[in-house]
Amino acid sequence: METKKQFKWFTIFEYEKEQDYLRDMHRSGWKFVKVKGFGVYYFEKCTPQDVVYQLDYNKDGLAHKDEYLRMFDDCGWEYIQDYAGYSYFRKAVSKDGVAEEIFCDDESRFQMMQRVLKGRMLPLLVIFFATLLPQFLINLLSTHNYFIATFIGGILAMYIAIFAMCFAKYIQYKNNKK
Amino acid sequence: MDQHIKKVYVPMTETAFFILLCLRKPNHGYGIVQMVEKMTDGAIKLTPGTMYGSLSKMEKDNVIRFVREEDKRKIYQITDLGLEVLQIELKRIERLYKIAQEEM
């Protein structure tokens, strides 16, 4: 069977973008097989079909996996894999054209986002304030190691950009909900 | 009733409302999905992500409780607190409905 690999990078709150990407791939005849390592997506050739992909982030679900997956299976969702705390599901769009989702109200969409925030953002914040920021300041102000300071500064800038993006998205979601 | 429960459940989401309504008798998540689809003639289709998240949250809030497991499905039932919250919500909806009828 013909297969292909693609490298894709999605930041913390881009799971909707990732879902769209997988759906587009399936629609163009590439069925998602797995994602591994640092964002390497594996596909195999298939008949083009409109299949909805959905990501959930639920630690409680992963801790009670049997019951968690049973619920999705009962509702007709195929489970694919877990990756970085996310669980991947898919379901073909029905004949009458209804594209189902795994969340049916804004409240639960928002809760999903809060779980992602807690699970993925907090560790980043800890790394930021506990190691990156102090290292940057030490190299810049105390040891005057500008080469390292520039390097860490670059990572810091990336971090801040991600934080800003997440924050904007979070606010957008919160306003949407109201 | 503490403030957190009041804030989250008065008023509550349609999902929470149907979960409480259906769990007056023990049932599992998918059972609730099917019941609601039937009760609303297919107008409301609850989904697994929402259901799983809501059930665990509502269990933590002690408005429903875990009864037992059957065939890998968790069976829940409403608690006294849950019944109380459901009554408050019903009264609220009734009041809204009455006001609307008088006004229209």
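Scroll up to find the structure.
Heads up: these notes are all about the structure in this document. Quick caveat: nothing in here was measured; it's all calculated off a predicted structure.

Conventions we followed
- Residues numbered from 1 in each chain as written.
- Chains lettered and ligands numbered in written order.
- Predicted model: local features only at pLDDT ≥ 70, side-chain atom pairs only at ≥ 80, totals over all residues.
- Helix = DSSP H or I, 4+ residues; strand = E, 2+ residues; numbered from the N terminus.
- Rg over C-alpha atoms; globule rule 2.2 N^0.38 Å.
- Buried ≥ 20, exposed ≤ 12 C-beta atoms within 10 Å, placed from the backbone.
- Contact = placed C-beta atoms within 7 Å.
- Nonpolar A, V, L, I, M, F, W, Y, C, P; charged D, E, K, R; others polar.
- Pairing = 2+ DSSP bridges.
- Axes fitted to C-alpha atoms, helices over the stretch in contact; angles between N-to-C directions.
- Parallel < 35°, antiparallel > 145°, perpendicular 65-115°, else oblique.
- Left-handed = near helix turned anticlockwise from the far one by under 90°.
- Core = buried A, V, L, I, M, F, W, Y, C linked by C-beta atoms within 7 Å.
- Expected span 1.5 Å × (residues − 1).

**With respect to the overall build of chain B**
Consideration 1: In terms of regular secondary structure, chain B is built from five helices and three strands.
Consideration 2: Element order for chain B, N to C, with α for helix and β for strand: α-α-β-α-α-β-β-α.
Consideration 3: Scaling as 2.2 N^0.38, a compact globule of 104 residues should have a C-alpha radius of gyration of about 13 Å, and chain B matches this with 14 Å.
Consideration 4: Each principal axis of the C-alpha distribution contributes one length, and for chain B these read about 50 × 35 × 20 Å.
Consideration 5: Residues classed as buried in chain B amount to 33% of the 104 residues present.

**Considerations on the interface of chain A and chain B**
Consideration 1: Listed as interface residues are 23 residues of chain A and, on the opposing side, 20 residues of chain B.
Consideration 2: Of all the secondary-structure elements, those providing two or more residues to the side of chain A that touches chain B are helix H2 (59-63), helix H3 (65-74) and helix H4 (106-142) of chain A.
Consideration 3: For the side of chain A that touches chain B, the element with the most residues is H3 of chain A, which contributes seven residues.
Consideration 4: A class-by-class count of the residues in the side of chain A that touches chain B yields nine nonpolar, four polar and ten charged.

**Remarks on the sheet that holds strand S6 (residues 86-92) of chain A**
Residue and element names in this part refer to chain A.
Consideration 1: If you walk across this open sheet you meet the three strands as S4-S6-S5, and the pairing is antiparallel. Of all strands in the sheet, those with a lone pairing partner are strand S4 (51-57) and strand S5 (78-83), marking the two edges. Direction aside, neighbouring strands of the sheet carry axes that sit 25° apart on average.
Consideration 2: Bridge count for S5 against S6 is five bridges, and the pairing is antiparallel. Bridge assignment links Glu78 to a residue of S6, and that residue is Arg90.
Consideration 3: The strands touched by helix H1 (residues 15-27) within the sheet are S4 and S6, with S4 carrying the most contacts at an inclination of about 150°.

**Comments concerning the packing of helix H2 (residues 14-22) of chain B against helix H5 (residues 80-103) of chain B**
Residue and element names in this part refer to chain B.
Consideration 1: Put simply, H2 and H5 touch, their axes get as near as 10 Å, and they point 125° apart. By the angle between their directions, the pair H2 and H5 is classed as oblique. For the element pair H2 and H5, the recorded crossing hand is left-handed. Side by side, H2 and H5 meet where Phe17, Leu20 and Leu21 of the first sit next to Gly82, Val85, Leu86 and Glu89 of the second.
Consideration 2: Here the residues of the contact of H2 with H5 are counted per class, giving five nonpolar, one polar and one charged.

**Quick look at the environment of Phe167 of chain A**
All names here are of chain A.
Consideration 1: Take Phe167: it is sitting in helix H5 (residues 146-177).
Consideration 2: Judged by C-beta crowding, with 13 C-beta atoms within 10 Å, Phe167 ranks as partly exposed.
Consideration 3: Separated by 154 residues in sequence, Phe167 and Phe13 have C-alpha atoms that sit 9.5 Å apart.

**So, the nonpolar core**
All names here are of chain B.
Consideration 1: Ile19, Leu20, Leu23, Ile32, Leu46, Met51 and Ile64 are the most contacted members of the largest nonpolar core, which has 50 residues in total.
Consideration 2: No other element matches H2, which puts five residues into this core.
Consideration 3: Other than its neighbours up to four places away in sequence, Ile64 contacts Ile19, Leu23, Met58, Glu59, Tyr76, Gln77, Ile78, Thr79 and Gly82.

**As for the pairing of S4 of chain A**
Residues and elements named next belong to chain A.
Consideration 1: Along S4, six of the seven residues are buried, which leaves the element largely enclosed by surrounding structure.
Consideration 2: Bridge analysis of S4 against S6 gives seven bridges, and the strand direction is antiparallel. Counterpart to Val51 in the pairing with S6 is Ala92.

**Let's talk about the environment of Phe18 of chain B**
Residues and elements named next belong to chain B.
Consideration 1: For Phe18, the position within the fold is in helix H2.
Consideration 2: Taking the C-alpha atoms as reference points, Phe18 and Gln87, separated by 69 residues in sequence, lie 13 Å from one another.
Consideration 3: In this structure Phe18 touches Ile32, Val36 and Leu46, once residues within four positions along its chain are discounted.

**Notes on H5 of chain B**
Residues and elements named next belong to chain B.
Consideration 1: Taking 1.5 Å of rise per residue, the 24 residues of H5 would be expected to cover 34 Å, and the 35 Å separating its terminal C-alpha atoms lies within 8% of that figure.
Consideration 2: Within H5, the full set of buried residues consists of Gly82, Val85 and Leu86.
Consideration 3: Elements that come into contact with the buried residues of H5 comprise helix H1 (3-9), H2, strand S2 (64-70) and strand S3 (73-78).

**Notes on the sheet that holds strand S2 (residues 30-36) of chain A**
Residues and elements named next belong to chain A.
Consideration 1: What the three strands build is an open sheet, ordered S1-S3-S2; its pairing is antiparallel. Here the strands that pair on one side only, and so sit at the sheet edges, are strand S1 (3-7) and S2. Across this sheet, the average inter-strand angle for adjacent strands is 25°, counted without regard to direction.
Consideration 2: Two elements, S1 and strand S3 (residues 40-45), share five bridges in a ladder whose sense is antiparallel. From the neighbouring strand, Thr3 faces S3, where its bridge partner is Glu44.

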